[in-house]
Amino acid sequence: MDKNKLLAIIADEIENCKECQRDKNGVAVAGEGNSDADIVFIGEAPGKKEAIEGRPFIGRSGQLLRSFIREIGLNETDVYITSPVKYLPDRGTPTSADIAHGRIHLMKQFDVIKPKVVVLLGRVAAEGVLQKKVFVVKDHGQIIEEREGIKYYLTYHPAAVLRFPGKFKLFMKQDFEKIKSLVTKV
Ligand code: URA
């Protein structure tokens, strides 16, 4: 079956998922972009704006992420953008239960897209996806795991850069410059 159709089926499952909806705030944010993307960007959880519009990374963090993507010569429509948690969490920050559950949906999305590179934006994304302890300050700008043909690459979450621009903006820019070289076909 066509990858777009398969992703739409997963998006439907997310929308109707009783477990996700236990503390449902706003609408589901399944993810968006190219169903055949080589590069997938993984955040943390939707914010308020995302939960109103049902689209990932459209608030301030999203504007920054999307500008970094464009700066390395990629189009937002070339890549796929999502997060392990598919609904706005109750207190804004996802619990480990939210992440563990959302990961089930995310893994199904990976199975369809079959990306070459997964860019993990920050600790929550990295620990949620890889299920191990990750140190962003020490290991950003590197592939921190390679599994079943997928390279997992670590950088900062754009919200951290908005909070401490002096400290992290240059690091994140440098990390992004390496991303394109990680895939042969983009
Ligand atoms: N932060 C995330 O991790 N995801 C979004 O969609 C928005 C903000």
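Higher on the page you've got the structure.
Residues numbered from 1 in each chain as written. Predicted model: local features only at pLDDT ≥ 70, side-chain atom pairs only at ≥ 80, totals over all residues. Heavy atoms only, no water.

1. Observations concerning helix H4 (residues 96-113)
We count it as follows: In this text, helices come from DSSP runs of H or I with a minimum length of four residues, and strands from runs of E with a minimum of two, each type numbered from the N-terminal end. A helix is expected to reach a length of 1.5 Å times the quantity of its residues less one. One fitted axis covers the seven residues ending at a residue, a second covers the seven starting there, and the bend at that residue is the angle between these axes. Under the scheme applied here, a residue whose accessible area is under 20% of the maximum for its type counts as buried, over 50% as exposed, and between as partly exposed, the area being computed with a 1.4 Å probe on protein chains only.
The end-to-end C-alpha distance of H4 is 25 Å, a good match for the 26 Å that 18 residues give at a rise of 1.5 Å each. Taking the largest bend as the criterion, H4 deviates by roughly 30 degrees, centred on Arg103. Those residues of H4 that sit buried are Asp98, Ile99, His101, Gly102, Arg103, His105, Leu106, Gln109, Phe110, Val112 and Ile113. Downstream of H4 by one or two residues, Lys114 has phi in the positive range, about 50 degrees.

2. Notes on the sheet that holds strand S2 (residues 39-42)
Just so we agree on the cut-off: The rule for pairing is simple: two strands pair if DSSP sees at least two bridges between them. Any pair of residues with heavy atoms lying within 4.5 Å of one another is described as a contacting pair. Convention adopted: a line fitted to C-alpha atoms gives each axis, helices being fitted over their contacting stretch, and angles between N-to-C directions are expressed from 0 to 180 degrees.
Strand order in the open sheet formed by six strands is S1-S3-S2-S4-S6-S5, with mixed pairing between adjacent strands. Strands with a single pairing partner mark the edges of an open sheet, and in this sheet they are strand S1 (32-33) and strand S5 (142-147). The pairing of S5 with strand S6 (residues 150-155) spans five bridges and is classified as antiparallel. The residue bridging Glu145 from the neighbouring strand is Tyr152, located in S6. In this fold helix H3 (residues 60-71) packs onto S1, S2, strand S3 (80-82) and strand S4 (117-121), with an angle of close to 160 degrees to the strand it touches most, S3. Relative to S6, helix H8 (residues 165-179) is tilted by about 165 degrees, and along the sheet it contacts S2, S4 and S6.

3. Side note on the packing of aromatic side chains
Short version of the rule: Ring geometry is summarised as follows: Phe, Tyr and Trp rings, the Trp one being its six-membered ring, pair when their centres sit within 6.5 Å, and such pairs are stacked at plane angles under 30 degrees, edge-to-face over 60 and tilted between the two. Our definition puts a charge over a ring when NZ of Lys or CZ of Arg is within 6 Å of the ring centre and also within 35 degrees of the ring normal.
By the definition in use, this model includes five aromatic pairs. Plain terms: the ring middles of Tyr156 and Phe171 are 6.3 Å apart, the flat faces sit at 15 degrees to each other, and that makes the pair stacked. On the criterion of sequence distance, the pair formed by Tyr156 in the loop between S6 and helix H7 (158-163) and Phe171 in helix H8 is long-range, its members being 15 residues apart. Three or more aromatic residues link up through ring pairs in this structure, and these residues are Tyr156, Phe164, Phe168 and Phe171. Lying across the ring of Phe164, Lys167 places its NZ or CZ 5.8 Å from the centre.

4. A short note on the pairing of S4
If a strand is regular, its side chains alternate between the two faces of the sheet. The element S4 is extensively covered by neighbouring structure, given that five of its five residues are classed as buried. A two-sided burial pattern is seen for S4, the buried positions comprising Val117, Val119 and Leu121 on one face and Val118 and Leu120 on the other. In terms of strand pairing, S2 meets S4 through four bridges, oriented parallel. Across the sheet, Ile42 pairs through a bridge with Leu120, a residue of S4. In terms of strand pairing, S4 meets S6 through five bridges, oriented parallel. Residue pairing in the sheet places Val117 in a bridge with Lys151 of S6.

5. Describing the environment of Tyr80
Which entries qualify depends on this criterion: Whenever a nitrogen or oxygen atom comes within 3.5 Å of another N or O atom, the pair is scored as a polar contact, on the condition that within protein one atom can donate a hydrogen and the other can accept it, and that pairs from neighbouring residues in sequence are kept only if both atoms are in side chains.
Turning to its location among the elements, Tyr80 is positioned in strand S3. Its relative accessible area of 4% is what places Tyr80 among the buried residues. Residues Tyr80 and Gly33, spaced 47 residues apart in sequence, show a C-alpha to C-alpha distance of 4.2 Å. Within polar-contact distance, the side chain of Tyr80 engages the backbone oxygen of Gly31 at 3.5 Å.

6. Details of unusual backbone geometry
Phi is positive for Lys114, which is not a glycine, with a value near 50 degrees. Within the fold, Lys114 resides in the loop between H4 and S4. Even without being a glycine, Glu148 presents a positive backbone phi close to 45 degrees. Examined against the element boundaries, Glu148 turns out to sit in the loop between S5 and S6.

7. Observations regarding the site of the ligand
Rules: If even one non-hydrogen atom of a residue comes within 4 Å of a molecule or strand, that residue is called near it. The Shrake-Rupley method, run with a 1.4 Å probe sphere, supplies the accessible areas, and residue values consider only the shown protein chains as cover. By the convention adopted, Pro, Cys, Tyr, Trp, Phe, Met, Ile, Leu, Val and Ala count as nonpolar, Lys, Arg, Asp and Glu as charged, and the other residues, Gly among them, as polar.
Around the ligand, the neighbouring residues are Gly43, Glu44, Ala45, Pro46, Gly47, Glu50, Pro56, Phe57 and His157. Ala45 is positioned with one of its backbone polar atoms (N or O) 3.1 Å from a nitrogen atom of the ligand. Side-chain polar atom of His157 to an oxygen atom of the ligand: 2.9 Å apart, as the coordinates give it. The fraction of the free accessible surface of the ligand (230 Å²) that becomes covered by protein chains is 91%. A per-class count over the shell around the ligand returns four nonpolar, three polar and two charged.

Function cannot be inferred from these measures alone, as they are strictly geometric.
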